[in-house]
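# Reading the structure
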Amino acid sequence: SRNAFLFETFGLNALLNAVRVNGKIFHMQMDWQDPKMLTTFVSYLKLKPHLRSLGPVDSKMTPEAMDYFADSGHEINKKDQYRLNNLNLDYCYLEPKLFTQLSKSLAGNLTLVRLVLSNNHLGEDAVISLLTTLESNLALVELSLAGNLLEDKFANAFGLMLCKN
């Protein structure tokens, strides 16, 4: 569940060690304000590929974390390949470079079914480039863009993308 307290690196390592010893983790939603903690968590996920749903809501995204999201779901036949089915980036205020990295990764993604990009202050130009990428994505079923800066230009582009996909 989402934490409501300051979660120190020591606490994060204790949590990850407990999961490593006692089982698998399939969903996690937390807010990561410390980029080092997010990087630690993502490096753990690469070792334990069971996670299917991740919600770093209201987190400061890092290039390393976006690399994880970008790589997830491209090789579904690989035994230990980590793959996400659900990614919630609500209120992450993605920087343009990171948003572009995420957008490009969706073209070849075979497992991501639900993507939440709500409340990220995304403009129409950024999201329209995302829609161009999504024309070739056959896995994504749900896309949430609520609370962004989208108007008629986006609505037209979204309609055209739906006709092509």
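Check the entry above for the structure.
### Comments concerning the overall build of the chain
Scanning the chain for helices and strands turns up 6 helices and 5 strands. Taken from N to C terminus, the helices and strands of the chain fall in the order α-β-α-β-α-β-α-β-α-β-α. At a minimum sequence separation of 6, the contacts of the chain that also span at least 24 residues come to 79%. Summed over all atoms, the accessible surface of the chain reaches about 8,800 Å², with 56% contributed by carbon and sulfur.

### Brief notes about helix α6 (residues 152-164)
Between its first and last C-alpha atoms α6 spans 19 Å; for 13 residues at 1.5 Å apiece the expected length is 18 Å, and the two agree. Residues of α6 that are buried make contact with α5 (124-134).

### Some thoughts on the sheet that holds strand β2 (residues 53-55)
Spatial strand order, β1-β2-β3-β4-β5: 5 strands in an open sheet with parallel pairing. With one partner strand each, in any of the chains shown, β1 (27-29) and β5 (142-144) form the two edges of the open sheet. Neighbouring strand axes in the sheet, compared pairwise and without regard to direction, differ in orientation by 0 degrees on average. Pairing of β2 with strand β3 (residues 86-88), which is carried by 2 bridges, proceeds in the parallel orientation. Looking across to β3, one finds that Leu-54 is bridged to Leu-87.

### Quick look at the side chain of Ser-144
Looking at the secondary structure, you find Ser-144 in strand β5. Apart from residues no more than four positions distant in its own chain, Ser-144 is found in contact with Leu-115, Val-116, Leu-117 and Ser-118.

### Quick word on the packing of helix α3 (residues 63-71) against helix α4 (residues 96-105)
Between two packed helices, both the angle of their axes relative to each other and the distance between the axes serve to describe the pair. In contact at an axis separation of 9 Å, α3 and α4 are set at 10 degrees when each is read in the N-to-C sense. Considered as vectors, α3 and α4 are oriented roughly parallel to each other. Note on element contacts: α4 touches α3 through Leu-98, Gln-101, Leu-102 and Ser-105, opposite Pro-63, Met-66, Asp-67, Phe-69 and Ala-70.

### Section: the pattern of salt bridges
Under the definition given, this model contains 4 salt bridges. Glu-142 serves as the salt-bridge partner of Arg-114, at 3.2 Å between the closest nitrogen and oxygen. Of this pair, Arg-114 sits in strand β4 (residues 114-116) while Glu-142 sits in strand β5, and the two are 28 residues apart along the sequence. For Arg-114, a relative accessible area of 28% gives the class partly exposed.

### Quick notes on α4
In an α-helix there are 3.6 residues to a turn, and that puts residues three or four apart on one side. Within the span of α4, buried status applies to Leu-98, Phe-99, Leu-102, Ser-103 and Ser-105. For α4, the angular spread of buried residues about the axis comes to 165 degrees, placing them on one side. More than 90 degrees from the buried face of α4, the exposed residues found are Pro-96, Lys-97 and Lys-104. Residues of α4 that are buried in the fold lie against α3, β3 and α5.

Basis of the calculations
- Residues numbered from 1 in each chain as written.
- Predicted model: local features only at pLDDT ≥ 70, side-chain atom pairs only at ≥ 80, totals over all residues.
- Heavy atoms only, no water.
- Helix = DSSP H or I, 4+ residues; strand = E, 2+ residues; numbered from the N terminus.
- Contact = heavy atoms within 4.5 Å.
- Areas by Shrake-Rupley, 256 points an atom, 1.4 Å probe, with all protein chains shown as cover.
- Expected span 1.5 Å × (residues − 1).
- Pairing = 2+ DSSP bridges.
- Axes fitted to C-alpha atoms, helices over the stretch in contact; angles between N-to-C directions.
- Parallel < 35°, antiparallel > 145°, perpendicular 65-115°, else oblique.
- Salt bridge = Lys/Arg side-chain N within 4 Å of Asp/Glu carboxyl O.
- Buried < 20%, exposed > 50% of the residue type's maximum accessible area, 1.4 Å probe, protein only.
- Arc of directions from axis to C-beta.

Any link to function would need more than the numbers given here.
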